[in-house]
Amino acid sequence: MKKKLFAFALCTGAYAALFAYSVYSDQKAVTSEMTDVSRLMPVKIKQTVKGQEEETLIDTVKEANRKNIKISIAGAQHSMGGHTYYEDGIVLDMTGYNKILSLDQEKKTIRVQSGATWNDIQKYVNPYGLAVKVMQSQNIFTIGGSLSANAHGRDIRYGSLIDTVKSFRLLKADGTIVTVTPKDDLFTAVIGGYGLFGVILDVTLELTDDELYAMQTEKMNYSAYAGYFTKHVKGNPNVRMHLARISTAKKGFLKDMYVTNYVLADHQEQLPSYNDLKEDEYTGATKFALGLSRRYEWGRNWLWNTQESYFVGQNGTEISRNNVMRSESKFLEYENNDNTDVLQEYFVPVKEYASYIDDLRQTLSGEDLNLLNITIRYVQKNEKADLSYAKDDMFSLVLLINEGFSKEDQADTARIIRRMTDVAIKHGGSYYLPYMTYQTKAQMRQAYPKSDEFFQKKRIYDPDERFMNYFYQRYK
């Protein structure tokens, strides 16, 4: 039994690493220096303001206007490219602005303040038999931060987060508050807009029913995956959620895969027996396993084999929707004086997947990249957001990379990431924007053809550039 629990901890932990944007930090007091989980971009800031009351937020924006100070907005700070702070600026810490304001069971909607986390929502709605439609694969992110990145998740039927937003209130750069709905011009800029248009105060989100799923996992070669997905996953209405992993181990590198489907169980009446919400367990074991993968090739091979065996062995295991969307996170608190973990994410059309993988494998064949894990999800076409990443039905590949702190290491990682970005763009794909801003301006505009329209909106709605971060500085 102990061996099984240990294997479960290792497998669940390493998988969850691919979806996490950062490590949660409890230190939100006024400070003179700030960085993100990558620790690659520390800067001096003027102060951190805790936004626990609406009046505090309004007063801070007005004071910043009077004194001509830049403002950045931070939730749990899971981005990796300076999206939540700016040198000599004010950081609005929204994590204390986290109330659940109302729940409409009949309409299946919930209204929450933007500093609330998905965990807060899950705990609130689970007793009512309800669940979140779209969120990242971990529940530690704030709602405002997730909207600002237009997050996506494991559910293959609902798409990106923008599709589940009924409305939100926005504190603008001039200190006024407006309610924004899908018919408004600001809607498509703020969602996926990385905090550049104002402070999201509260949001009304669509929910769905909690459900009971049975896990089904099988191995396959990468060349068969796109056809398998189209026929057996997307073509099967009973498959509600899906994930896949492709090997980064030396043997089977970017060839061996396993896929896990969450299929609607036949006996939904038994859901109450499965809906106690799970919490993180065996953090130390998962940290240890991932540490071996960072340092040793044999560690990476062992972890891949252990994960694959575990998930295949879980066929038939039943789990609630809410618990599928509660991956472990605490083990991701990785600190090392020489290196750090960063994420990159690429989107490629389903029909291009096999040829894309062939090109990616060739690109990386001569590179010294410490690539730890790759997880794959499906994102259906959605071009509503100005900075939409899903121009087609896409597979999303989330890459976990270990990177050194030295200038030479950072420059080399940036060079390789730009090469990988070129491969995705060549195949009609794109990349995700919440991570290190290693991509060039030309690559950004190729991946996001409506970016000029997005930046023009920024100039219209915030001409003084009151809301500022390093993503905007890099690409504006």
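Below or above, wherever it landed, is the structure these notes cover. Everything numeric here is computed off the predicted structure, so don't read it as measured data.

## Brief notes about the sheet that holds strand 3 (residues 47-50)
Whether parallel or antiparallel, the strands of a sheet pair through hydrogen bonds between backbone atoms.
Next up, step 1: The strand order 3-5-4 describes an open sheet built from three strands, whose pairing is parallel. If you trace the sheet from one side to the other, it starts and ends with strand 3 and strand 4 (71-74), each paired once. Sheet twist, expressed as the mean angle between neighbouring strand axes with direction ignored, is 25 degrees.
Next up, step 2: In the sheet, strand 3 pairs with strand 5 (residues 90-93) via four bridges, with the strands oriented parallel. Across the sheet, Val 49 pairs through a bridge with Leu 92, a residue of strand 5.

## Re the pairing of strand 14 (residues 256-264)
Next up, step 1: For strand 14, the tally of buried residues reaches seven of nine residues, placing the bulk of the element in the interior.
Next up, step 2: Sheet analysis places strand 12 (residues 212-221) next to strand 14, joined by nine bridges and oriented antiparallel. The partner of Met 215 across the bridge, within strand 14, is Tyr 262.
Next up, step 3: Pairing geometry for strand 13 (residues 239-246) and strand 14, over seven bridges, is antiparallel. Bridging from a neighbouring strand, Arg 245 pairs with Tyr 258 of strand 14.

## Looking at the packing of aromatic side chains
Next up, step 1: Scanning all chains against the criterion turns up 25 aromatic pairs.
Next up, step 2: Their ring planes at 80 degrees and their centres at 5.9 Å tell us that Tyr 432 and Tyr 435 sit as a pair that is edge-to-face. Neither residue differs from the other here; Tyr 432 and Tyr 435 are each classed as buried.
Next up, step 3: A network of ring pairs unites the aromatic residues Phe 197, Phe 454, Phe 455, Tyr 461 and Tyr 472 as a single cluster.
Next up, step 4: In this structure, Arg 361 packs its charged tip against the face of Tyr 222, placed 4.8 Å from the ring centre.

About the cut-offs
- Residues numbered from 1 in each chain as written.
- Predicted model: local features only at pLDDT ≥ 70, side-chain atom pairs only at ≥ 80, totals over all residues.
- Heavy atoms only, no water.
- Pairing = 2+ DSSP bridges.
- Helix = DSSP H or I, 4+ residues; strand = E, 2+ residues; numbered from the N terminus.
- Axes fitted to C-alpha atoms, helices over the stretch in contact; angles between N-to-C directions.
- Buried < 20%, exposed > 50% of the residue type's maximum accessible area, 1.4 Å probe, protein only.
- Phe/Tyr/Trp six-rings, centres within 6.5 Å; stacked < 30°, edge-to-face > 60°.
- Lys NZ or Arg CZ within 6 Å of the ring centre and 35° of its normal.

Any functional reading would require information beyond the geometric quantities listed.
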